[in-house]
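Below, each chain spelled out in residue letters.
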Amino acid sequence: MTDETRSFVRERAADLCEYCKIHQRYYPDSTFHIEHIVAKQHDGSDSQDNLALAYHFCNGKKGPNLSGMDPDTGELTRWFHPRNDSWHEHFRLDTNGEVVGFTAIGRTTASVLGMNSRIRVQIRREIFRLQEG
Ligand SMILES: [Zn+2]
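Residues numbered from 1 in each chain as written. Predicted model: local features only at pLDDT ≥ 70, side-chain atom pairs only at ≥ 80, totals over all residues. Heavy atoms only, no water.

(A) Highlighting the pairing of strand β2 (residues 51-54). Where burial is concerned, the two faces of β2 agree: the one with Leu 51 and Leu 53 and the one with Ala 52 and Ala 54 are both buried. In this sheet, β2 lies alongside strand β1 (residues 33-36) in antiparallel orientation, the contact comprising four bridges. Bridge pairing links Glu 35 to Ala 52 in β2. (Buried < 20%, exposed > 50% of the residue type's maximum accessible area, 1.4 Å probe, protein only. Helix = DSSP H or I, 4+ residues; strand = E, 2+ residues; numbered from the N terminus. Pairing = 2+ DSSP bridges.)

Below, the structure is given as structure tokens:
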């Protein structure tokens, strides 16, 4: 992957994790990953359509997987695809700091990626607090 591609992906995402929408500025000590939406293991390519910017925690939870169990129905559900899906059609950010998935894809992705782990909700609350400043 070229530096040009990395810059392109980072700029396209406006420095936000394309899954949980946390901004890179809140993680000065680590650089968000350029991840393959469909992992190389599953023949995912290096093209810009298959790349997304991801907070290391989201990327780590996602791994090479493409789907998970919907926590409400137990059904196997594909994950949110940052290039093909619209974030706001699957998630909303609650003022309590939680990312609420309101479709099967949203619920499954939020659940498997651990978007509402205690620390991550605390970080979002802190961000809200700073923004209200
Ligand atoms: Zn994320």
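Further notes follow.
(B) Broad picture of helix α4 (residues 118-132). Spanning 15 residues, α4 covers 21 Å between terminal C-alpha atoms, matching the ideal 21 Å at 1.5 Å per step. Along α4, the residues classified as buried are Arg 120, Val 121, Arg 124 and Ile 127. The buried residues of α4 occupy an angular sector of 115° when the element is viewed end-on, so they sit on one face. Structural note: α4 exposes Arg 118 and Glu 132 on the side pointing more than 90 degrees away from its buried face. Where the residues of α4 are buried, they touch α2 (56-62), β5 (91-93) and β6 (99-101). (Expected span 1.5 Å × (residues − 1). Arc of directions from axis to C-beta. Contact = heavy atoms within 4.5 Å.)

(C) Representation of the pattern of salt bridges. Tallying each qualifying case throughout the model produces eight salt bridges. A salt bridge links Glu 35 to Lys 62; its shortest N-O distance comes to 2.9 Å. With Glu 35 in strand β1 and Lys 62 in helix α2, the pair connects residues that are 27 residues apart, well separated along the chain. Since its relative accessible area comes to 3%, Glu 35 is described here as buried. Note that Asp 46 and Lys 40 form a salt bridge whose closest N and O atoms lie 3.5 Å from each other. (Salt bridge = Lys/Arg side-chain N within 4 Å of Asp/Glu carboxyl O.)

(D) Spotlight on the environment of Arg 78. In this fold, Arg 78 is placed in strand β4 (residues 76-78). For the pair Arg 78 and Ser 111, spaced 33 residues apart in sequence, the C-alpha to C-alpha distance is 12 Å. Setting aside residues no more than four positions away along its own chain, Arg 78 makes contact with Leu 66, Ser 67, Asp 85 and Ile 105. In this structure the side chain of Arg 78 is engaged in a polar contact, spanning 2.9 Å, whose partner is the side chain of Asp 85. (Polar contact = N/O pair within 3.5 Å; in protein donor to acceptor, adjacent residues only side chain to side chain.)

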